[in-house]
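A structural walkthrough
So the chains spell out like this:
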Amino acid sequence: MSAPSQTHKTDFRLAVLQAIQRLDPRYQARNPVMFLVWVGSIITTLILAIMLAVPGTVIGGGQPVWFVGLIAFWLWFTVLFANFAESLAEGRGKAQADSLKMARRDVEARKLDKSGKLTTVAASTLRKGDTVRVEAGDIVPADGQVIEGIASVDESAITGESAPVIRESGGDRDAVTGGTRVLSDWVIVRVTADPGESFLDKMIGLVESAKRQKTPNEIALSILLAALTLVFLMACATLLPFSLFSVAKAGSGTVISITVLIALLVCLIPTTIGGLLSAIGISGMQRLIKANVIATSGRAVEAAGDVNVLLLDKTGTITFGNRQAVEFFPAPNVSLQQLAEAAELSSLADETPEGRSIVALARGQYGLPERSAADLKAEFIPFSAEQRVSGIVINERHILKGAGDAIAGLINLKGGLVPAEVTTVVEDIAKKGGTPLMVAEGPKVLGVIYLKDIVKPDIKVRLAELRKMGIKSVMITGDNPLTAAAIASEAGVDDFVAEATPETKLRYIRKMQEGGEMVAMVGDGTNDAPALAQSDVAVAMNSGTQAAKEAGNMVDLDSDPTKLIEIVEIGKQLLMTRGALTTFSISNDLAKYFAIIPAAFATTYPALGVLNVMGLSSPQSAILSAVIFNALIIIALIPLALKGVKYRAESASHMLTRHALIYGLGGIVAPFIGIKLIDMGLTVVGLV
Amino acid sequence: MFLGITSAGWLQLVLYMAALTALAVPLGGYVARVLSGQRNWLSPVFTRVEGLIYAMGDVRPDQDMTWKDYAAAVILFSFGGFILLFGLLLTQGVLPLNPQHLPNLTPDLAFNTAVSFVTNTNWQSYAGETTLSYFSQMVGLTVQNFVSAAVGIAVLAALIRGLTGQTTDKLGNFWVDLVRINLYILLPLALIVAVALSSQGVIQTFASYVTAHTLEGASQTIAVGPVASQEAIKMLGTNGGGFFNTNSAHPFENPTPLSNLIEMLSILLIPAALCFTFGKMIGDRRQGIAIFAAMTLVFVPLTAACIGLEQAGNPHLVAAGADTAPNMEGPATAQAGGNMEGKDTRFGIANSAIWATATTAASNGSVNAMHDSFTPLGGLIPMILMQFGEVIYGGVGSGLYGMLVFVILTVFIAGLMVGRTPEYLGKKIGAFEIKMASMAVLLPCALVLICTAVAVLTPWGQAGIYNPGAQGFSEVLYAFTSAANNNGSAFAGLSANTPFYNSLLGLCMLFGRFFVLLPVLAIAGSLAAKRTVPASAGTLPTHTPLFVVFLIGVIVLVGVLTYAPALVLGPVIEHLNLIKG
């Protein structure tokens, strides 16, 4: 769903345009840090104007016109760069928002009234509780639940997935989303969302981020940044009286000029993080969207970073969705070859993954020739829920396979017995977490096929990574405790809930939360809804029911349960990026003091020259270099803000050490070098 | 001779820190028992007294308070104490125990002094022996020396209960805390120290001042009074308000090197011990040790630097041919060397510098040397220690709760860097905590900077400045730094007993105390209501050396970044001018 690459240039141009539009004070006032820079830009511009109009005015503080002009210029650019970062971040989601908006266009709906009469109305007039009939070729007019009928639906407008999906009443696939298209058949849908509150609306809101609300942690950080800004505002504002007093007492020099004070203030306040904060939030959300996950609140994304218990469904997440045959165990007096051949024959027409894996094992390991069911002129016995066996009738041979007790029941009828050895094998396999299938020909048991739950090869590593980050993984399965324990130990999960029912899941989550844990889970069915609603991070599968989607705070459009791990990583990355840039921003201030303070008081106290450790060429150059550095660093860090700090699975103390070194120590050192380089550049150009 | 410090200087610093730690650890454990309401070895003595006090005050000891109730009780109690003291100082002329017939205080001085002692600041705009009667000193000031210190510890106790509480709104009972802290901690300790000081010759008398006749035939009045009883709690409760104007440089307050050591240890004893109390009460001693380590790692290098800078002395004297080298050869030629101006030969450079840093690291504010006479950078160190927000040990209770505010800010930034929303001791730090913590850090800074600006800009402020240039600026900056951070020490050299300074400094002390204390209680209330998140590998550990370094970084950076311009215009430029010649 990523935007095509040719839009990149237009994105860029749009972002520049928007950056300029956002100089509007009403927009700036939303961010106290950048608002102060904006005010500073206005004041320096006014000073410049007065200086141009009245040469030698006292307001210039004895500074040359070109200097005040350049400071004003760079201050404006500081504001613009921050606006640009935000617009650029937003622009990345714009293509997606546009395509979503296309899907939202007003369509006509066939509303069904109580008497069963159909009337054509505009989709925008539909309210919660209305019922509509949607037929092949129609656009679904609103979010809803299928109450009658079955249809194939093209959901690509939302999921980007072009293969149609089936939506039908009374199951776990009863949810339809407004804006999707019915391809065949018809359904009657009960509307579950009022206009403006639909899934599509929420998605557009998120992607456009115009309605983006600040998340709790972002608010807390904004408060901290505002407090720091206030401290620096006072430190700079009081510098004027201090300077007045010092000049009076020293009897020499000039009072610090307003321009320099504003320059110092802008350099000190945390403009780097202040300017990039919303870009970080927006792009965090967009990373999520890129992973095809829609969060209904930003709060959930932050919570994802905090999760310390992950409830993972066994099937599809920890194991492949299907079991595979791994071994044959012949009964006494039956050769392995005999069993393999019978097993293969019985499964030839079995198109389930299990059936195919049996055929593959028989051919691969026992060298049976390729043959197809059609060649054999055989009669197949399909699997029935009643008999719980399937098989083949070929040349009077009746070969059946099925669960142990089902086969035992059938051969008992034919006068056969299950040998004790076979029963032992069946029990052993069950104990190991596998599924035993018995194979019989006529009244005789030939042996057992060992079907195994295959644990995904990469899951163990990922779970180990989670553990390193302090996240506990819990496997949820409907299997019995014995089987569950075997798979749990093979996959390396920390805990499991066997024979899970919606109630046991809910109970488990509550128990965890009472202990202070933050729980994340994935669910799709209506019966998952209570557990989803209880979880801190609840990811509903898009293929799931409307109830599940409403209970969750995220929807995975790919319906991939493994996504949960990715979501956690995205949440962590978002928080890490904020922390890293805050640390960097504050650490930067040390060098800026060394640049500006000696320069600001150069005339009053020339002895302060020893603090000019960077050897900056002149007071004006020093101040200008610091201001330019301060503006450019915002641009330089935009890629980091958009991409996020690189995420690695490691413990908190390792992570802190690394980040403290890069962004803390690096933040102290970098501006010394940067400011010096800019100063050298300015000197070479001959500007100062 | 590293840093130019004599080996004797190093030895004194090391011994001081060793003795402090050795005393603080057991005391911390004892205080934890007292604050948790557990039985302790003084219980047999005081349990009945305690019960009696509750009965008299109609206090129900098992009735816990919400943070708002707790805060209301603190305010009520402090305000009552202020009114009482204010009234007493205004009327001391007619009150008993006034053998010198000292007159009533002026309203602005009474206001300043009452606020000063109620806020545990003990800024003194007056000279004790020529202003205050024995009654004012004992019933007025000494009482506040006890109870204002107890208030600090009580608020800390409430904060600790907030950190350990589980979804509760209860933070303990202020009246119970107040009574127990006084009864079990401050009174016994003060008694021990007072007796020890008396043994060294600190005086304790109600007699009127003594008139001595000098050899020249002139007569001289020697002020005396009930000094030892006030001296002990003055040091222990990080009060610092001396009986005499010259504070602990006066031989009746601090006669011998041993009394000096006892008093220096008393300055940091309770603030240091409370770190260990904290560790014990939250059930993780490592957390307390980490905070103690952070404080010590700021304190020791700065103290060593202060000793070194004072030992280095004034380059102009060396250039003029003065012998400023230390000499321990024999009685005839022995000298401390370095900058001895404003220091007592009984104590020398090391003990004056350790005192100066200890008294400003803790919000004690007593002095045994004149900070105004320190070298410019030597004098910068006590100033920056206060500007760190009085959290390097800090005031009793207030130092640690101030430090915990910094811990919350540190955890917030460092916590984000590990990819979690920040938490401390399992409690999530949200917008409310950050708002309150920011306020607690911001307000003292604002008071110092704005009031200094007002003072140097207005004629009333400028009127009090005796010294020219940067030194004069440093004196004003120091005064407001001291008041807003509730330290109470003075750089001296500033004539502060004027309505202007008395009022402005008084307001600084008032706001500096309560606008830190109230946000802290609000944080305690908010944290108590939260659930504790169990620690895991993904949790930011707050007891590791790395965290300690990060914490120090935040404290130092906030302090330096806030005050750097002001410091540059004061002590730094003075130093640069001095070495330039």
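All values reported here derive from a predicted model rather than from experimental measurement. (Residues numbered from 1 in each chain as written. Chains lettered and ligands numbered in written order. Predicted model: local features only at pLDDT ≥ 70, side-chain atom pairs only at ≥ 80, totals over all residues. Heavy atoms only, no water.)

Topic: the overall build of chain A
The helix and strand inventory of chain A stands at 26 helices and 20 strands. Relative to the compact-globule value of 26 Å for 688 residues, chain A shows a C-alpha radius of gyration of 34 Å, a clear excess of over 25%. Overall size of chain A, expressed as C-alpha extent along the three principal axes, is 120 × 60 × 45 Å. In chain A, buried positions account for 55% of the 688 residues. A separation of at least 24 residues holds for 69% of the contacts in chain A among residues at least 6 apart in sequence. Only carbon and sulfur atoms are counted for the fraction: they give 59% of the accessible area of chain A, which is about 27,800 Å². Within chain A, the 67 negative side-chain charges are centred at a point lying 7 Å from the centre of the 63 positive side-chain charges. (Helix = DSSP H or I, 4+ residues; strand = E, 2+ residues; numbered from the N terminus. Rg over C-alpha atoms; globule rule 2.2 N^0.38 Å. Buried < 20%, exposed > 50% of the residue type's maximum accessible area, 1.4 Å probe, protein only. Contact = heavy atoms within 4.5 Å. Areas by Shrake-Rupley, 256 points an atom, 1.4 Å probe, with all protein chains shown as cover. Lys, Arg positive; Asp, Glu negative; His and termini not counted. Charge placed at Lys NZ, Arg CZ, Asp CG, Glu CD.)

Some details on the packing of helix α8 (residues 216–237) of chain A against helix α11 (residues 271–290) of chain A
Residues and elements named next belong to chain A. At a minimum axis separation of 11 Å, α8 and α11 run at an interaxial angle of 165°. One way to sum up the angle between α8 and α11 is to call them roughly antiparallel. At the point where α8 passes α11, the crossing takes the left-handed sense. Residues Glu 218, Leu 221, Ser 222 and Leu 225 of α8 form the contact with α11, whose own contacting residues are Ile 273, Gly 274, Leu 277 and Ser 278. Partitioned by chemical class, the residues of the contact of α8 with α11 number 4 nonpolar, 3 polar and 1 charged. (Axes fitted to C-alpha atoms, helices over the stretch in contact; angles between N-to-C directions. Parallel < 35°, antiparallel > 145°, perpendicular 65-115°, else oblique. Left-handed = near helix turned anticlockwise from the far one by under 90°. Nonpolar A, V, L, I, M, F, W, Y, C, P; charged D, E, K, R; others polar.)

Details of the interface of chain B and chain A
With 58 residues of chain B at the contact, the number on the chain A side is 62 residues. Between chain B and chain A, roughly 5,000 Å² of surface is buried when both sides are summed, and carbon and sulfur atoms account for 79% of that area. When residues of chain B are sorted by the area they lose upon contact with chain A, B:Met417, B:Leu561 and B:Leu569 head the list and together hold 15% of the total. In this assembly, chain B and chain A are joined by 2 salt bridges. Salt-bridge contacts for B:Arg420 lead to A:Asp306; the nearest nitrogen and oxygen are separated by 4.0 Å. Our count for the contact surface shared by chain B and chain A stands at 8 residue pairs in polar contact (both at pLDDT 80 or more). Of all elements in the fold, only α14 (398–417), α15 (431–457), α17 (469–484) and α19 (545–580) of chain B reach the threshold of two or more residues within the side of chain B that touches chain A. Partitioning the side of chain B that touches chain A into residue classes produces 40 nonpolar, 13 polar and 5 charged. (Buried area = accessible area lost by both parts, 1.4 Å probe. Salt bridge = Lys/Arg side-chain N within 4 Å of Asp/Glu carboxyl O. Polar contact = N/O pair within 3.5 Å; in protein donor to acceptor, adjacent residues only side chain to side chain.)

Re the packing of helix α12 (residues 298–306) of chain A against helix α23 (residues 563–587) of chain A
All names here are of chain A. Remark: α12 packs on α23, axes separated minimally by 7 Å, with the N-to-C direction vectors making an angle of 95°. As the angle between them shows, α12 and α23 are arranged roughly perpendicular. Contacts from Val 301, Glu 302, Ala 304, Gly 305 and Asp 306 in α12 reach Ile 567, Val 568, Gly 571, Lys 572, Leu 574, Leu 575 and Arg 578 in α23. Here the contact of α12 with α23 is built from residues that sort into 6 nonpolar, 2 polar and 4 charged.

Observations regarding the pairing of strand β15 (residues 444–455) of chain A
All names here are of chain A. Along β15, 10 of the 12 residues are buried, which leaves the element largely enclosed by surrounding structure. Alignment of strand β14 (residues 435–441) against β15, held across 7 bridges, turns out to be antiparallel. Counted as the bridge partner of Ala 440 is Val 445 from β15. (Pairing = 2+ DSSP bridges.)

Here's the deal with the packing of aromatic side chains
Aromatic rings considered in pairs are described by the distance between their centres and by the relative angle of their planes. Summed over all chains, the structure comprises 31 aromatic pairs over all chains. With a centroid separation of 5.3 Å and an interplanar angle of 80°, the aromatic rings of A:Phe12 and A:Phe84 are classed as edge-to-face. Separated by 72 residues along the polypeptide, A:Phe12 in helix α1 (residues 7–21) and A:Phe84 in helix α4 (residues 65–91) bring together distant segments of the chain. For A:Phe12, a relative accessible area of 47% gives the class partly exposed. What makes A:Phe84 buried here is its relative accessible area of 11%. Taking 5.5 Å as the distance between ring centres and 75° as the angle between the ring planes, the aromatic pair formed by B:Tyr70 and B:Phe174 counts as edge-to-face. (Phe/Tyr/Trp six-rings, centres within 6.5 Å; stacked < 30°, edge-to-face > 60°.)

Digging into the sheet that holds strand β8 (residues 293–295) of chain A
Residue and element names in this part refer to chain A. The 7 strands lie next to each other as β8-β20-β19-β18-β9-β16-β17, forming an open sheet whose pairing is mixed. Because the sheet does not close on itself, it has two edges, and the strands there are β8 and β17 (495–497). Taken pair by pair, the neighbouring strands of this sheet meet at an average axis angle of 20°, ignoring direction. Two elements, strand β16 (residues 472–476) and β17, share 3 bridges in a ladder whose sense is parallel. Within the sheet, the bridge partner assigned to Met 475 lies in β17 and is Phe 496. In the packing of α11 onto the sheet, the strands contacted are β8 and β20 (554–556), and the crossing angle to β8 comes to about 140°. Its contacts with the sheet place helix α19 (residues 481–491) against β16 and β17, and it is angled at close to 150° to β17.

Overview of the environment of B:Thr21
Residue and element names in this part refer to chain B. If you trace the backbone, Thr 21 turns up in helix α1 (residues 7–35). Exposure remark for Thr 21: the relative accessible area of 26% places this residue in the partly exposed category. Taking the C-alpha atoms as reference points, Thr 21 and Ala 483, 462 residues apart in sequence, are found 28 Å from one another.

Concerning the confidence of the model for chain B
Mean pLDDT over chain B: 91, with 99% of residues reaching 70 or higher. Taken over the whole predicted complex, pTM reads 0.86, whereas the ipTM for its chain interfaces reads 0.92. (pLDDT = per-residue confidence, 0-100.)

Concerning the environment of B:Ile262
All names here are of chain B. Checked against the element boundaries, Ile 262 lands in helix α9 (residues 257–281). The sequence separation of Ile 262 and Ala 293 amounts to 31 residues, and the corresponding C-alpha distance is 22 Å. Once residues lying within four places of it in the same chain are set aside, the contact partners of Ile 262 are Val 193, Ala 196 and Leu 197.

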